[in-house]
Amino acid sequence: MPISATTPSLLKRASTDKLREVFQKYASIQKDGEQYMTSEDFVRKFLGLFTEAAFNDESVRLLAGIADTSKDGLISFSEFQAFEGLLCAPDALYRTAFQLFDRQGNGNVSYADFADVVQKTELHSKIPFSLDGTFIKRYFGEKKQRLINYAEFTQLLHDFHEEHAMEAFRSKDPAGTGFISPLDFQDIIVKVKRHLLTADVKDNLVAVTEGHRVSFPYFIAFTSLLNNMELIKQIYLYATKGSRTETVTKNELLYAAQTMSQITPLEIDILFQLTGAVNQPGRIDYSDLSNIAPEHYTKHITHRLAEIKAVDSPSDRSALIQVLEATYRFTLASFAGATGATVVYPIDLVKTRMQNQRTGSMIGEVAYRNSWDCFKKVIRHEGVLGLYRGLLPQLMGVAPEKAIKLTVNDFVRDKFTDKRSNIPVWGEVIAGGCGGAAQVIFTNPLEIVKIRLQVAGEIAGGSKISALSVVRELGFFGLYKGAKACLLRDVNFSAIYFPTYAHIKGAFADKDGYNSPVSLLAAGAIAGIPAAALVTPADVIKTRLQVAARQGQTTYTGLWDATKKIMAEEGPRAFWKGTAARVCRSSPQFGVTLFTYELLQRLFYVDFGGNQPKGSQSAKLAVPLDNTLGTAQPRVDHIGGYNAAVPLLAGIESKFGLYLPRFGRGAAATGTTIGSGTSS
């Protein structure tokens, strides 16, 4: 289950009855008429962590102790429920870490508690930390008898890793020269700061030093930069006024850093050295920062109904994989298009009848005063089902139509997208236009049948017609009558709509670039307003060409003929007939369609090694080195606050570097991550 940067306080607590039902499912101990979970029940069976046969007993007990506040080795229902509430707190990560160190369950951390947990971590086994040094004494007192409360503990945990890094530097520089070798620098960073490293950063730790010895100021600036990458991202967004695709120079970022933060020029120098070593750019954008900064420990909690990894890396994308990707997109787009069309079909029917209403002809009779009047009269004379006249052929055609449009747009966008996942505006326009052109092969026959069915109800007592009778009457080539106007409308609509949608979606994304479902719906609907309105003249011409003219009405021989006759007989305002109805139909339709399309890609996630929709939690973000966050997936029984249990426990390592050994029973101990249920 993917999650994205958001506070756990957004989680809704589970009801007592549902929590009790889940608790009883996993509790294996009966004592004095009460049920209890053991450490293994809670960590291995319920959370799904440390599932190997050779799991480390002590690590499991440590994690279970977070919920076991009575420290009796058993977890009661009241403790189970209390921990669920803690996971919903806005500072759940720090509170969870505090309860890991509060070994006595008295609301304080003693020196013995702190030392006991630290000595069990992988980091301490590799680079031992002096637990008798001045740093420890400043927090716990000279005799190490002072107790640390929760608020003080949060600062201790923050400072501990910085002190550990400096102690590691001193151990590599016994002569006190203020310098260490590039290999020693790499060794310290990989061991002490591995929770802040991505594979790209690790691979370039020596390269970034350019072979020179590393000074203490450089070392401190480097570790500070790793700690402050989220702040660096905010400085970048400040410099680009919120854009995630605009590139900035070192001087531009340095100016923004001095304006709004205490980031030093040396840290900015290191940032550009690091991004240069990874991608060799002279300028950087947001994707460069995302590539060198580990993914945050929390994400938006969105359930996936399916998750498939089709390839291990983008280099494995064969022609067959690309065909499968197009088929996958086509299928989801078909469902999305049908959903959007059904929701707004009554508006579309009203729009068509308003556009077909003519003035200045021999008939000269106006059936509807406005769109609302048309809506009421359809219901009065034809019933509610009259609003859905012609829906069946619409759905039969709209599925491949929207699928073609969305699939071709995505395909062409992929071709214009660079390795930073950025695409120029002209590329977006061309991609949209290609999608619009490709859909006409399905749109034109669909539209002409739909329109003739929609206007058939206007004639009182007229004979009923069916989609099949319209097709027989028109023949194959007749189904493409008005195709030029259809192209004029659909190419321009898509060329306007898709770039507008992409930019509005980006503007609605949160500070981490994630789009909530509501923002997707709003972006899709808003983008439809200018796109639908601006192509209304082409839509009017297309409608006139495709509707069978009744006796006394003007007939048209083609696109240009229709344009001239409408202008001469009805004036320029006629080209904008039905604009309101068209906007009211297209705006929500495409809002629902794009919303459904992107949501389906999140729910039925398949990684083909290509580009994923921006703003989706499935975007490929860098993850901490040696961190398999996401391998242990939250389960159906993880309700309420327990939705965040696995990512928060993994967050203890990815934010604080507190890696616990996984193996121990019958296997050699090895470094691993808390947030994984399978071996690395």
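Residues numbered from 1 in each chain as written. Predicted model: local features only at pLDDT ≥ 70, side-chain atom pairs only at ≥ 80, totals over all residues. Heavy atoms only, no water.

Looking at an unreviewed UniProt entry, the protein carries the name Calcium-binding mitochondrial carrier protein Aralar1 isoform X2, with the source organism given as Drosophila albomicans. Listed in UniProt under the heading Subcellular location (unreviewed entry), the comment for the protein reads: "Mitochondrion inner membrane". (UniProt positions renumbered as here; feature names shortened; annotations may be inferred.)

Caption draft 1: Focus on the overall build of the protein. Helix and strand counts for the protein stand at 27 helices and six strands. Per-residue burial over the protein gives 55% buried out of 680 residues. In the protein, the share of contacts with a sequence separation of at least 24, taken over all contacts with a separation of at least 6, comes to 73%. Of the roughly 29,200 Å² of accessible surface on the protein, a fraction of 59% belongs to carbon and sulfur atoms. (Helix = DSSP H or I, 4+ residues; strand = E, 2+ residues; numbered from the N terminus. Buried < 20%, exposed > 50% of the residue type's maximum accessible area, 1.4 Å probe, protein only. Contact = heavy atoms within 4.5 Å. Areas by Shrake-Rupley, 256 points an atom, 1.4 Å probe, with all protein chains shown as cover.)

Caption draft 2: The nonpolar core, seen in detail. With 62 residues, the main nonpolar core has Phe-42, Phe-80 and Phe-101 as its most contacted residues. When neighbours within four sequence positions are excluded, Phe-80 is seen to be in contact with Leu-19, Val-22, Phe-23, Met-37, Phe-42, Phe-46, Ile-75 and Tyr-642. Counting residues in each nonpolar core, the second largest holds 43 residues, with Val-201, Val-214, Met-229 and Tyr-236 among its members. (Core = buried A, V, L, I, M, F, W, Y, C linked by side-chain atoms within 4.5 Å.)

Caption draft 3: Expanded view of the packing of aromatic side chains. Considering all chains together, one arrives at 33 aromatic pairs under this definition. Judged by centre distance (6.5 Å) and plane angle (90°), the rings of Phe-42 and Phe-80 are edge-to-face. Pair noted here: Phe-42 is in helix H2 (residues 39-46) and Phe-80 is in helix H4 (residues 77-87), with a separation of 38 residues, a long-range link. By relative accessible area, Phe-42 is classed as buried at 1%. Residues Phe-169 and Phe-219 carry aromatic rings whose centres are separated by 5.1 Å and whose planes lie at 45° to one another, so their mutual orientation is tilted. Of this pair, Phe-169 sits in helix H9 (residues 150-172) while Phe-219 is found in helix H12 (residues 216-227), placing the two residues 50 residues apart along the sequence. Taken individually, Phe-169 and Phe-219 each receive the classification buried, so the pair is uniform in this respect. Put simply, the rings of Phe-98, Phe-101, Tyr-111, Phe-114, Phe-129, Phe-135, Tyr-139, Phe-140, Tyr-150, Phe-153 and Phe-160 pair up and form one aromatic cluster. Positioned over the ring face of Phe-77 is Arg-20, at 4.1 Å from the centre of the ring. When the ring centre of Phe-179 is taken as reference, the NZ or CZ atom of Arg-213 above it lies at 4.3 Å. (Phe/Tyr/Trp six-rings, centres within 6.5 Å; stacked < 30°, edge-to-face > 60°. Lys NZ or Arg CZ within 6 Å of the ring centre and 35° of its normal.)

Caption draft 4: Fine view of the side chain of Lys-402. Checked against the element boundaries, Lys-402 lands in helix H19 (residues 391-416). On the basis of relative accessibility, which here comes to 4%, the residue Lys-402 falls in the buried class. Beyond its immediate stretch of four places on either side in the chain, Lys-402 contacts Ala-333, Gly-337, Gln-589 and Phe-590.

Caption draft 5: Geometry of helix H25 (residues 559-570). Over its 12 residues, H25 runs 16 Å from end to end, which matches the ideal 16 Å to within 8%, given 1.5 Å per residue. Those residues of H25 not exposed but buried are Asp-561, Ala-562, Ile-566 and Glu-570. Viewed along the axis of H25, the buried residues span an arc of 125°, placing them on a single side of the element. Along H25, exposed side chains directed more than 90 degrees from the buried face belong to Trp-560 and Ala-568. Just downstream of H25, Gly-571 is the residue with a positive phi angle, here 85°. (Expected span 1.5 Å × (residues − 1). Arc of directions from axis to C-beta.)

Caption draft 6: View of the UniProt feature "domain: EF-hand" (unreviewed entry) in the protein. Per the UniProt record, the feature "domain: EF-hand" (unreviewed entry) sits at residues 89-124 and 160-195. Helix makes up 58% of residues 89-124 and strand 0%, and the two end C-alpha atoms of the span are 30 Å apart. Taken end to end, residues 160-195 has its terminal C-alpha atoms 14 Å apart, with 67% of it in helix and 6% in strand.

Caption draft 7: Representation of the pattern of salt bridges in the model. In this structure the tally under the stated criterion is 29 salt bridges. For the salt bridge of Lys-120 with Asp-116, the shortest nitrogen-to-oxygen distance reads 2.5 Å. For Lys-120, a relative accessible area of 22% corresponds to the partly exposed category. When the shortest N-O distance is used, the salt bridge between Lys-377 and Asp-373 registers 3.2 Å. Pair noted here: Lys-377 and Asp-373 are both in helix H18 (residues 371-382), with a separation of four residues, about one helical turn. It is possible to trace a salt-bridge network through shared partners that takes in Glu-58, Arg-61, Arg-103, Asp-116 and Lys-120. (Salt bridge = Lys/Arg side-chain N within 4 Å of Asp/Glu carboxyl O.)

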